[in-house]
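Below, each chain spelled out in residue letters.
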Amino acid sequence: MLKIILTIVLLVILAVASLFFYKAQKSKSGTAPGLASNQLAQCPTSPNCSCSEYSEDSSHYAEPINFSGKPAEDSFAAVKTAIESLGGKVVVAESHYLAASFESGFFGFVDDFEARLDEQAQLIHVRSASRVGHSDLGANLKRVNAVKNAL
């Protein structure tokens, strides 16, 4: 009886691990959503995204980066450096927008990180979101805060 239970538990663990590896591979295809009407994309309803662009979306909201009193170009360049120092790979770097990807350690899930420079408001809006899955256990909000802290 114990042998049957252990076999069932092992099969369940293997099935769950296989599902995670499949989803991780699936997350490797795709790109960041980019800008729409000069704004970062809104977060989906799932809790695996944080964004500073939409303060009314309190469940996904993260404070933007305020760079008042500093040159905009230097501040935006510092965000790029912070992303790279945290293990992110910058895939798009424009004067007012950048997109990067982060890959998790064990399974290799890919998350997108985006930043948009708003020179008028002296803010850098940020968005970090998982490409697949429902929950991220707070990883994207932690990433946003880690980028801010690296500055």
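Notes on the structure follow. (Residues numbered from 1 in each chain as written. Predicted model: local features only at pLDDT ≥ 70, side-chain atom pairs only at ≥ 80, totals over all residues. Heavy atoms only, no water.)

**Observations concerning helix α2 (residues 72-85)**
Link 1 in the chain: In this model, α2 (14 residues) spans 20 Å end to end at C-alpha, consistent with the 20 Å of a helix rising 1.5 Å per residue.
Link 2 in the chain: Residues Ala 72, Ser 75, Phe 76, Val 79, Ala 82 and Ile 83 constitute the buried set of α2. Projected down its long axis, α2 carries its buried residues within an arc of 110°, all on one side. Facing away from the buried side of α2 by over 90 degrees, the exposed positions are Glu 73, Asp 74 and Ser 85.
Link 3 in the chain: Its buried side turned inward, α2 meets β4 (65-66), β5 (89-93), β6 (97-103), β7 (110-118), β8 (123-130) and α3 (139-150).
Link 4 in the chain: Immediately beyond the C-terminal end of α2, within one or two residues, lies Gly 87, with a positive phi of roughly 95°. (Helix = DSSP H or I, 4+ residues; strand = E, 2+ residues; numbered from the N terminus. Expected span 1.5 Å × (residues − 1). Buried < 20%, exposed > 50% of the residue type's maximum accessible area, 1.4 Å probe, protein only. Arc of directions from axis to C-beta. Contact = heavy atoms within 4.5 Å.)

**Quick look at the pairing of β7**
Link 1 in the chain: β7 sits mainly inside the fold: nine of its nine residues count as buried.
Link 2 in the chain: Residues Val 110, Asp 112, Glu 114, Arg 116 and Asp 118 of β7 are buried on one face, and the alternating residues Asp 111, Phe 113, Ala 115 and Leu 117, pointing to the opposite face, are buried as well.
Link 3 in the chain: One ladder, built from seven bridges, connects β6 with β7; its direction is antiparallel. Paired with Glu 103 across the bridge in β7 is Val 110.
Link 4 in the chain: The antiparallel pairing of β6 with β7 creates a hairpin that spans six residues between the two strands, and Gly 108 there sits at a positive phi of about 85°.
Link 5 in the chain: In terms of strand pairing, β7 meets β8 through eight bridges, oriented antiparallel. (Pairing = 2+ DSSP bridges.)

Spatial relationships are all this shows, so hold off on functional conclusions.
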